[in-house]
Each structure stands twice: as C-alpha cells, then as structure tokens.
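Residues per chain, in single letters:
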Amino acid sequence: MISKQKFLEALEIINEMFPDAHGELNWNTPFQLLVATILSAQATDKGVNKATVALFEHFPTVTSMANAEIVEIEQFTKTIGLYHNKSKSLKKTAEMLLEWGYSNNELPKDKKELQLLPGVGRKTANVVLGEVYGIPGIAVDTHVERVSKRLSLVKQEASVIEVEEKLMKVIPEDKWVSSHHHLIFFGRYHCTAKNPKCNFCPLIVYCNFGQARMKEGIHV
DNA sequence: ATCCCGAGGG
DNA sequence: CCCTCTGGAT
C-alpha cells in the first residue's frame, strides 16, 4: 500500500497535469445537474450532454418533468444506456421534489435526504452537493476507483465505500471536491481503463500497477 | 451477486 | 468485435 505522504505527492502531480479539471455535464439549474447526473450512470458525459439538450428544452423544470409521461422522457434518453430505469427515476424524482417543496434552484442539502430520490445513490449525491453547494465529499466513480486501486491506495478487492473512506482520510477536507475532479480527469484522459498511458506517466515512480505493466513490456 | 443497456472507442 | 462509460436497485 502506498503511504499517505506518497499518495499526496502523486495527487499534487495529477493536479499539475489537469489544473482546470471540472465537472463536464451541462446544466443551468441544480435540478438539471441532478437530472444529468442520474443519467450519467454507466454512461459518458458526452453522451449525456448530447441527450440533455433536447431533454431540457422540453422538460426544463421540476414541474414539467414531474408532469411528463415516462415514454415522453424516454424519447430523449433513448441514446443513453439504462435509459428505461433512468427515465422512470427522473419522473419519480421530480414528483418527490415537488412534494417536498423544492424548486429548480434548490435541492435537499442533506446527503441522506437526496439519496431517498430514486436513481440517486452515494456517488450522485456527492457529485450534486459538491458541484452546487460546495459541500465536501468524494464521489467514487469508475475512474476514481480504478486510479485509487492502481496507485495501491486501497487493496484490489476494496468496496466503493472503502475507497471513499480512505480518500477522505488521506485528503484534507477542503480539497475533497477539487481532488475528486482531478482524479476523474486523470482517470478519464490518462490512466484510462483500456490503454493507460503508463509509458509517459509522471506517476510511474509511485505506481505498482504501472511499473509491473512496463516490466511486462507495453506494445503500443 | 445480478440486472439494467446504448453509444463510442480501440 | 469487445470493452468501457462520473451507478443504482433488487
């Protein structure tokens, strides 16, 4: 396992590689970010952004989404994986927000309360609260999990929650949200799932995975 | 542990 | 063709 000190050094290098890492979903209101994030499960941001242009044109608000038929929502989400479940979640989520008295410019600020909404789990709640309200949290998605494991921050079999807890323990709280974005950019554009760029990775000295892979010999 | 499930990339 | 994508609910 990598030491806290070494991991923070590696994280600092990642920060320098992607200084302007940021959320890449398009939205105009907190509700729209929630919608986009629900749609983003096991899907690319690019694909979600393509779909939400028309979706938000037709159903821009909590009320309009709550009043929409599921099949109408599906018309705009069909290009996204898992679209049926997601569309069902969007309508129900809008209905519940309406019942709770939330508008487009306001969402529950409590993580547990947010997670009562269908389609909203731990990761989505962290993303939304961090982006909209700057509430400290680390959303562990596929990228954050992969990078954390390759850098040996946690053992290979660690659960998502264990990864999240370890990251929160190691990273200062005021850097949780920004580090989350940096880790995602690093995972998305450099430490990719398929052909990670170990051959020109500045983190190779910190990375067991990369060193082992280089030793085996990479055929680019 | 398993299901949901389309687009884009390699 | 196969793998991956800012997971969540059962």
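Being a predicted model, the structure only gives us computed values, none of them experimental. (Residues numbered from 1 in each chain as written. Chains lettered and ligands numbered in written order. Predicted model: local features only at pLDDT ≥ 70, side-chain atom pairs only at ≥ 80, totals over all residues. Heavy atoms only, no water.)

**Section: the packing of aromatic side chains**
Part 1 of the reasoning: The final tally for this structure, using the stated rule, is 5 aromatic pairs.
Part 2 of the reasoning: Between phenylalanine 59 and phenylalanine 76 the ring centres are 6.0 Å apart and the planes differ by 75 degrees, which places this aromatic pair in the edge-to-face class. Highlighted residues: phenylalanine 59 in the loop between helix 3 (45-58) and helix 4 (62-67) and phenylalanine 76 in helix 5 (residues 70-77), separated in sequence by 17 residues. Note on accessibility: phenylalanine 59 and phenylalanine 76 belong to one class, buried.
Part 3 of the reasoning: With centroids separated by 6.5 Å and ring planes inclined at 75 degrees, the aromatic side chains of tryptophan 100 and tyrosine 102 adopt a geometry described as edge-to-face.
Part 4 of the reasoning: The rings of Phe18, Phe185 and Tyr189 are connected pair by pair, giving a single aromatic cluster. (Phe/Tyr/Trp six-rings, centres within 6.5 Å; stacked < 30°, edge-to-face > 60°. Helix = DSSP H or I, 4+ residues; strand = E, 2+ residues; numbered from the N terminus. Buried < 20%, exposed > 50% of the residue type's maximum accessible area, 1.4 Å probe, protein only.)

**So, the protein's contact with DNA strand B**
Part 1 of the reasoning: What surrounds DNA strand B is the set Lys50, Lys78, Thr79, Ile80, Gly81, Leu82, Tyr83, His84, Asn85, Lys194 and Asn195.
Part 2 of the reasoning: Of all atoms in DNA strand B that approach within 4 Å of the protein, 67% are sugar or phosphate atoms.
Part 3 of the reasoning: One of the backbone N or O atoms of leucine 82 is found 3.0 Å from a sugar or linking oxygen in DNA strand B.
Part 4 of the reasoning: Between a base nitrogen of DNA strand B and a side-chain N or O atom of lysine 194, the distance comes to 2.7 Å.
Part 5 of the reasoning: For the surface near DNA strand B, the leading source of residues is helix 6 (residues 83-100), giving 3 residues.
Part 6 of the reasoning: Broken down by class, the residue content of the surface near DNA strand B amounts to 3 nonpolar, 5 polar and 3 charged. (Near = heavy atom within 4 Å. Polar contact = N/O pair within 3.5 Å; in protein donor to acceptor, adjacent residues only side chain to side chain. Nonpolar A, V, L, I, M, F, W, Y, C, P; charged D, E, K, R; others polar.)

**Observations regarding the protein's contact with DNA strand C**
Part 1 of the reasoning: For DNA strand C, the set of nearby residues contains 27 residues, the closest of which are Asp45, Lys123, Thr124, His143 and Arg146.
Part 2 of the reasoning: Among the atoms of DNA strand C lying within 4 Å of the protein, the sugar-phosphate backbone contributes 67%.
Part 3 of the reasoning: Between DNA strand C and the protein, one listed contact pairs a phosphate oxygen with a backbone N or O atom of aspartate 45 at 2.9 Å.
Part 4 of the reasoning: Note that a phosphate oxygen of DNA strand C is positioned 2.9 Å from one of the backbone N or O atoms of glycine 121.
Part 5 of the reasoning: If you tally residues by element for the surface near DNA strand C, the top one is helix 8 (residues 122-133), at 4 residues.
Part 6 of the reasoning: Of the residues contributing to the surface near DNA strand C, the split by class is 9 nonpolar, 10 polar and 8 charged.

**Regarding the UniProt feature "binding site: [4Fe-4S] cluster" (unreviewed entry) in chain A**
Part 1 of the reasoning: The UniProt entry lists Cys191, Cys198, Cys201 and Cys207 under the feature "binding site: [4Fe-4S] cluster" (unreviewed entry), expressed in the numbering used here. Considering the C-alpha atoms alone, the annotated residues occupy 17 residues of sequence yet fold into one spot, their largest mutual distance being 11.0 Å. Restricting the annotated residues just mentioned to those that line the largest cavity leaves Cys191, Cys198, Cys201 and Cys207.
Part 2 of the reasoning: Along the polypeptide, cysteine 201 turns up in the loop between helix 11 (176-189) and helix 12 (208-216). (UniProt positions renumbered as here; feature names shortened; annotations may be inferred. 1 Å grid on protein atoms, 1.4 Å probe; cavity = no way out; pocket = protein on both sides within 12 Å on 5 of 7 lines; lining within 4 Å.)

**Here we look at the environment of glutamate 113**
Part 1 of the reasoning: When you line up the elements, glutamate 113 lands in helix 7 (residues 111-114).
Part 2 of the reasoning: Placed 47 residues apart in sequence, glutamate 113 and valine 160 show a C-alpha to C-alpha distance of 20 Å.

**A few points about the layout of surface pockets**
Part 1 of the reasoning: Roughly 790 Å³ of internal volume is contained in the largest pocket.
Part 2 of the reasoning: In this structure, the largest pocket is lined by 36 residues; those nearest its centre are Ser40, Ala43, Asp45, Lys123 and Asp141.
Part 3 of the reasoning: Mapped by element, the contributors of at least two residues to the lining of the largest pocket are helix 2 (30-39), helix 3, helix 8, helix 9 (142-150) and helix 11.
Part 4 of the reasoning: Among the elements that line the lining of the largest pocket, the one with the most residues is helix 11, at 6 residues.
Part 5 of the reasoning: Of the residues that constitute the lining of the largest pocket, the class distribution is 13 nonpolar, 14 polar and 9 charged.
Part 6 of the reasoning: The residues that make up the lining of the largest pocket include at least three from each of domain 1 (4-20 + 143-216) and domain 2 (30-104). (Points joined across faces, edges and corners; volume = space filled by probe spheres on them. Domains from an automatic or database assignment.)

**What about the pattern of salt bridges?**
Part 1 of the reasoning: Taken as a whole, this structure holds 6 salt bridges when the rule is applied.
Part 2 of the reasoning: Residue glutamate 145 pairs with lysine 149 through a salt bridge whose shortest N-O separation is 2.9 Å. On the criterion of helical spacing, the pair formed by glutamate 145 and lysine 149 is a turn pair, its members being 4 residues apart in helix 9.
Part 3 of the reasoning: In this structure glutamate 145 comes out as partly exposed when scored by relative accessible area, which is 23%. (Salt bridge = Lys/Arg side-chain N within 4 Å of Asp/Glu carboxyl O.)

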